[in-house]
Amino acid sequence: MDGDRFPSGNSMSASITAERSAVLRVPADAAETQDAVADAGVHVARVGPTGIASLHPLVTATLDGRTAFYPRCSPERAADVAARLEAETLADGAAAVVSHDPGTATLPRPDVDGLDVGTPRLLGGAGWRPPADPDDHAAAGGFADASADDVADATATLLGRGWGDWCHDEPLGDCWETLDAADRSPAVVVNAHGTAADALLCESVPFEVLEGATMAARVLGADRIVVYLSTADEAAVEAVREAVAAYPDPPVQIDVVTGPAVYRAGEPTMALEAIEGNHRLEARLQPPGSVPTLDGQPTVVHTARTLAQLALAVRTGEAPETRLVTVTGDVASPATVELSADATLDRTLDAVDLPNGFRAAAVGGRFGGLTDSLAVAPTPAALAEAGLGTDGTVEVLGEDRCVLAFAGRRTRVAAETNCGRCVPCREGSTQLAELLRDVYDRDFDPEAIAELARTMAGASVCAFGVEAARPARTAVADFEAEVAAHADGRCPAGACTEPAEVT
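Attention here is on the structure that accompanies the text. (Residues numbered from 1 in each chain as written. Predicted model: local features only at pLDDT ≥ 70, side-chain atom pairs only at ≥ 80, totals over all residues. Heavy atoms only, no water.)

## Focus: the pattern of salt bridges
Any two side chains of opposite charge can pair, on the condition that their charged atoms come close.
Then step 1. Scanning all chains against the criterion turns up 20 salt bridges.
Then step 2. Here Glu 282 and Arg 421 are joined by a salt bridge, their closest N and O atoms 4.0 Å apart. Placement of Glu 282 in the loop between α9 (268–275) and β9 (293–294) and of Arg 421 in the loop between α12 (403–417) and α13 (423–439) is noted, with a sequence separation of 139 residues between them.
Then step 3. By relative accessible area, which is 22% here, Glu 282 ends up partly exposed.
Then step 4. Since its relative accessible area comes to 38%, Arg 421 is described here as partly exposed.
Then step 5. Residue Arg 410 pairs with Glu 395 through a salt bridge whose shortest N-O separation is 2.7 Å. A residue pair is termed long-range when its members are at least 10 positions apart, and Arg 410 in helix α12 and Glu 395 in strand β15 (residues 393–397) qualify at 15 residues. Each of the two residues, Arg 410 as well as Glu 395, counts as buried. (Salt bridge = Lys/Arg side-chain N within 4 Å of Asp/Glu carboxyl O. Helix = DSSP H or I, 4+ residues; strand = E, 2+ residues; numbered from the N terminus. Buried < 20%, exposed > 50% of the residue type's maximum accessible area, 1.4 Å probe, protein only.)

## Structural notes on the nonpolar core
Then step 1. Of all hydrophobic cores here, the largest spans 57 residues; its most connected members are Trp 176, Leu 201, Leu 229 and Leu 310.
Then step 2. Ranked by residues supplied to this core, first place goes to helix α7 (residues 206–220) with 9 residues.
Then step 3. In contact with Leu 201, not counting residues within four places along its chain, are Leu 122, Leu 123, Pro 206, Val 209, Ala 304, Arg 305, Ala 308 and Leu 324.
Then step 4. Within the second largest apolar cluster, 52 residues are counted, among which are Ala 407, Leu 436, Ala 469 and Ala 493. (Core = buried A, V, L, I, M, F, W, Y, C linked by side-chain atoms within 4.5 Å. Contact = heavy atoms within 4.5 Å.)

## Quick notes on the state of the cysteines
Then step 1. Applying the stated criterion to the full structure yields 1 disulfide.
Then step 2. Put simply, Cys 167 and Cys 175 are joined by a disulfide, and their sulfur atoms are 2.3 Å apart.
Then step 3. Judged by its relative accessible area of 9%, Cys 175 is buried.
Then step 4. Free of any disulfide, Cys 462 has its nearest neighbouring cysteine sulfur in Cys 419, separated by 5.8 Å.
Then step 5. Residue classification places Cys 462 among the buried residues on the basis of a relative accessible area of 10%. (Disulfide = S-S within 2.5 Å.)

Rendered as structure tokens:
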């Protein structure tokens, strides 16, 4: 890598919204609300979601350095807010009003449930900056004047985020070294498939993701960037396509490709299969140190979270210390928040309502580990020590949920949706589901469950099989008394009435 500077975006015109004293911000996907303010005599900015679903649609009105927040805003209410803003006043009844620098490029944080959780850095522009406006991104410090050495310094410590990242929990720099011997120009794949946090970044702040991808492409000498999303994330797909069309002087071609809305399609090698157009998605055999390929090109595969963190790290010159965490499951509405490394996961519960209380949580994705304590930091080291996953999700189980039934269902999902490529995953997940089913027949063998889980984790070809046994393993390890009670014909949660509950 040399010290040549990357082109800077600082010469671009100032932010459109920063130039105006009165701005009404309305979610781009709230069609009726958009229609209600279409004829307003103020500037209306179409913005992405903040990640706090319980506030949607969140309308904000900014006037001379003061922003009022109107959550769950009806079209009629939005029209009234717009009329009052046109008259140079803020409508009454706001959930909060915050004073701030008139030129701020990030959402002011009010004392509103959900928005007051975490340390938003990647998500700073979510709900505030129009997603596909390059001027607003440049005004926020985007399109940084950075050198290849700056990027190299960042990748030395930046860890991959999410199970769909080729450098999952490993430094990007170490993964990129495998491309040194490649005899073709590489490709960069942005894997934003099927994860709420990645879809949120693409929908609300796509330039953060694309800037990280272009940094990687320049340093690696790539001649192609592919942004890969699920067909189910329509709003994110549209926002990324608009941002790609508006991207100033991209160094290489940027394509947007969608794949099937199935969980395994987010695994890195199966993502490559989907991008190549293969209908049967099977994990590829990738020996340690080998280089994945897309259409024969050596390829790096990173999640949207990873690449957005790269862009932020290069711009600030600081090691990234935040993690995006999505809270879902038995909650009134899901939420995605950004936590600092010194926070704990139990802070995420402040962003959601728990109508059925809290019994346990599955931490770490579709095959997250079960725990009854969220007093753990969101860092890979802390999560690994606790036996949990690092994919950035907390799935809440309410008081009326049974951990055995939950683990059984997830194991059955693994048995029914794996690609079938390797025996440890294909046969192991089926056998594991049967072992959990046997508990209801008063045959509980924790040693057999633990051993099978170890075999799957150590011998499976891809991350799907490695992680598929985690719900069963942690259910037995951390909730053994509750699981054993089922062998005596009793469900402590009162949720299981028949053995079929886990099948």
